[in-house]
Amino acid sequence: MKNKEIAEMLGEIALMLSVDTRPTARFEVRAYQKAALTIGTLQEDVGEIFAKGGERALMELPGIGKGIAGSVAEYIKTGKMKKYDGLKRQYPIDFKALTAIEGLGAKRLIRLYNELGIKDVDDLSRAVKAHKIEKLEGFGRRSEEQIGKGIELAEKGRGRILISEGLPVAEAIVKRIMESGAAEMAVVAGSARRMRETVGDLDILVLSSKPGKAMDFFAGLDEVSSIVMKGPTKTTAWLKAGVTCDVRVIAPESFGAALQYFTGSRDHNVQVRTIAVRKGYKLNEYGLFREGGRPVEAGSEEEIYAKLGMQWMPPEMREARGEVGLAQAKRIPKIVELEDIKGDMHTHTRETDGANTIEEMAEEAMKIGYRYFATTNHTKSLFIARGMDEKKFTGFFKNVDRLNEQLDGKVRIIKGAEVDILKDGSLDLDKKFLEEMECAVGAVHQSLRMDRESMTKRIVGALDSGLIRILAHPTGRELLWREPYAVDLDRVFDAAERNNVALEINSYPSRLDLSDTNIMAASKYKLMFSLGTDAHRTSHMRFMRYGVGTARRGWLAPDRIINTMDMARMLRWLSR
DNA sequence: GCCGTTTTCGGCCCGACTGTTTTCAGTCG
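Remember, it's a predicted structure, so these values are computed and weren't measured experimentally.

Caption draft 1: Representation of the environment of Ala258 in the model. Here Ala258 shows up in helix H13 (residues 255–263). Note on Ala258: relative accessible area 0%, which makes it buried. Residues Ala258 and Gly287, 29 residues apart in the sequence, show an inter-C-alpha distance of 7.3 Å. Setting aside residues no more than four positions away along its own chain, Ala258 makes contact with Leu205, Ile250, Thr263 and Glu285.

Here it is, written out as structure tokens:
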């Protein structure tokens with residue numbers, strides 16, 4: 001899979017072309033950026049697309065025409081790309097690392113290379129220390145300081161954080177701004193509103209008749225560690241959480257347009273704006289305008305989409321994955337909501353590596369308003385988690401039976417286990433024991449570095465055993481830490497469909513596995529999904545919102561998810 | 001370099017903020 005590599009090369013071509021002075025060059029830059037984005041976010045392997053359909057198939061992709069298709073094909077065939085190699089000889093610069101430094105883009109980097117020979121972060125660091133940069137025309141002392149700070153931040157690993165770390169901070173800031181009296185309204189926008197699995201910055205929109213006061217209040221909050229910039233209507237700050245946060249003050253009549261604009265995604269907005277232009281409008285963050293600048297009455301997102309002949313759609317869908325066309329056809333599907341979820345299908349207790357008792361977990365489930373939840377402790381092979389054998393499970397389940405009687409249906413505990421799928425695809429508990437269990441959840445935890453074929457056979461073998469009802473965290477990824485294991489998901493989906501096994505959308509924030517795009521791919525099969533938090537303590541049961549967010553990003557309908565069923569139907573489904 | 005329900009030529013999203021300028025270029029989202 002060379003998608004990432006090729007996308008990066010196309011992106012670098014765009015950077016290097018941006019100093020080209022030909023009048024058409026800046027449009028070439030945009031073309032290469034767009035092509036890089038297309039290939040970078042592609043599900044299928046570019047190499048396979050080319051193998052199957054040649055350059056013609058590449059040209060089917062949005063933003064890829066004859067020229068770029070040729071370059072991509074050249075690279076796939078020969079491992080070389082003339083256009084890239086030529087430019088790179090001219091500018092042998094480590095763009096990837098250097099553009100990650102705040103305030104440095106292609107033009108300044110190429111000047112730094114031409115005038116000071118700076119090729120990488122080390123060169124840059126030395127030049128800053130020797131105060132060579134402040135002497136350059138157009139740079140000055142402030143720029144040099146900013147670059148110095150930027151290097152430090154880049155080295156500290158500024159970057160993305162989990163949605164579960166970002167969204168609550170954004171919500172807390174919104175709450176405090178609202179309570180301060182400096183604003184009439186504040187909302188979270190950006191990728192956090194779209195429920196992306198990780199966020200690189202937070203966006204907050206504020207409606208205020210005292211913009212200066214609102215900006216000052218935000219700048220002084222506890223959550224803020226330093227101010228990047230502060231103007232009359234926009235402030236950017238680094239948060240202690242490790243990301244930046246933009247707060248913007250918006251005029252009331254622009255609120256809908258601003259919310260639409262700043263929710264993004266950028267690609268979604270580009271598509272929406274193209275439609276606006278075609279219909280004779282101009283759309284920006286201030287509103288919808290007729291040609292000549294006459295504003296169109298459209299104070300909410302719904303009205304803006306409606307004026308463009310589109311249906312409103314949930315923010316989670318706005319990723320330029322076909323939702324714009326559906327909205328035009330008025331065929332936006334109904335997708336699952338948090339309120340649809342009637343129980344949690346994956347939880348642990350302190351009998352293994354959880355922190356709480358089954359009683360405490362039941363208490364929490366009732367507080368949330370669940371009708372049921374599955375207790376799914378680890379099995380014996382997972383020593384580090386003190387996994388349980390058949391005997392321990394038997395004792396534990398007796399306790400659960402007693403508790404279920406006491407609870408008298410207020411919440412029903414489903415007896416299950418997160419059964420290890422061993423190296424050879426066999427399961428970590430006796431066949432007979434598994435057959436009698438209400439909810440066996442299969443999971444791979446060990447020997448993750450198997451080759452693709454062996455891993456695929458291992459998981460498909462477990463699915464074909466007919467003993468498990470749910471496949472937990474099907475790809476094994478850990479966000480910001482561990483890649484998915486090598487596995488042929490199509491064969492896994494196929495086996496899940498064949499055996500009527502639900503695929504888990506693990507809602508633990510560092511997993512979110514299946515991912516949004518995996519869910520879209522799996523949806524094409526006739527199979528069900530299951531939402532579970534993998535809770536290891538009571539508070540983790542609240543992670544369900546992130547799993548639901550991921551399901552929504554995968555356009556999943558409530559009737560494709562087993563735990564939207566009421567209890568009787570759910571038990572029937574499990575017993576099949 | 002890409003693209004087309006006005007087009008195979010002539011367009012391509014656009015505004016805020018900063019720094020170093022003295023009217024604007026670069027960066028960012």
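Right, picking up where we left off after that structure.
Caption draft 2: Representation of the protein's contact with DNA strand B within the structure. Inspection of the region around DNA strand B gives 41 residues, with Arg30, Gly65, Phe139, Arg273 and Tyr286 positioned closest. Of all atoms in DNA strand B that approach within 4 Å of the protein, 79% are sugar or phosphate atoms. Arg273 places a side-chain nitrogen or oxygen 2.5 Å from a base oxygen of DNA strand B. Tyr286 is positioned with one of its side-chain polar atoms (N or O) 2.2 Å from a phosphate oxygen of DNA strand B. Elements that contribute at least two residues to the surface near DNA strand B include exactly helix H2 (25–40), helix H4 (66–78), helix H7 (106–116), helix H9 (140–155), strand E5 (224–230), helix H14 (266–278) and strand E8 (281–284). For the surface near DNA strand B, the leading source of residues is H2, giving 5 residues. For the surface near DNA strand B, the class distribution of residues is 15 nonpolar, 11 polar and 15 charged.

Caption draft 3: Spatial organisation of the pairing of strand E13 (residues 412–420). Counting buried residues along E13, 9 of its 9 residues qualify, which places the element largely inside the surrounding structure. Every second residue of E13 is oriented toward a common face, with Arg412, Ile414, Gly416, Glu418 and Asp420 on one face and Ile413, Lys415, Ala417 and Val419 on the other, all of them buried. Pairing between strand E12 (residues 372–378) and E13: 7 bridges, direction parallel. By the bridge assignment, Asn377 is partnered in E13 with Ala417. In terms of handedness, the path from E12 via helix H18 (residues 390–407) over to E13 forms a crossover that is right-handed. Where E13 meets strand E14 (residues 439–443), 5 bridges bridge the pair, whose relative direction is parallel. Following the sheet pairing, Gly416 is matched in E14 by Cys439. Taken together, E13, helix H19 (residues 431–436) and E14 constitute a β-α-β crossover, and its handedness is right-handed.

Caption draft 4: Just the side chain of Thr379, in detail. Assignment of secondary structure puts Thr379 in the loop between E12 and H18. At 3.0 Å, the side chain of Thr379 forms a polar contact with the backbone nitrogen of Asp420. Once residues lying within four places of it in the same chain are set aside, the contact partners of Thr379 are Gly387, Met388, Phe393, Ala417, Glu418, Val419, Asp420, Asp428 and Leu429.

Caption draft 5: Region of the structure containing the sheet that holds E5. The strand order E2-E4-E7-E6-E5 describes an open sheet built from 5 strands, whose pairing is mixed. Bordering the open sheet on either side are strand E2 (185–189) and E5, each of which pairs with just one other strand. For this sheet the average axis-to-axis angle between neighbouring strands, irrespective of direction, equals 25°. For E2 and strand E4 (residues 201–207), the ladder comprises 5 bridges, and the chain directions are antiparallel.

Parameters and conventions
Residues numbered from 1 in each chain as written. Chains lettered and ligands numbered in written order. Predicted model: local features only at pLDDT ≥ 70, side-chain atom pairs only at ≥ 80, totals over all residues. Heavy atoms only, no water. Helix = DSSP H or I, 4+ residues; strand = E, 2+ residues; numbered from the N terminus. Buried < 20%, exposed > 50% of the residue type's maximum accessible area, 1.4 Å probe, protein only. Contact = heavy atoms within 4.5 Å. Near = heavy atom within 4 Å. Polar contact = N/O pair within 3.5 Å; in protein donor to acceptor, adjacent residues only side chain to side chain. Nonpolar A, V, L, I, M, F, W, Y, C, P; charged D, E, K, R; others polar. Pairing = 2+ DSSP bridges. Right-handed = clockwise from strand over helix to strand, strands pointing away. Axes fitted to C-alpha atoms, helices over the stretch in contact; angles between N-to-C directions.

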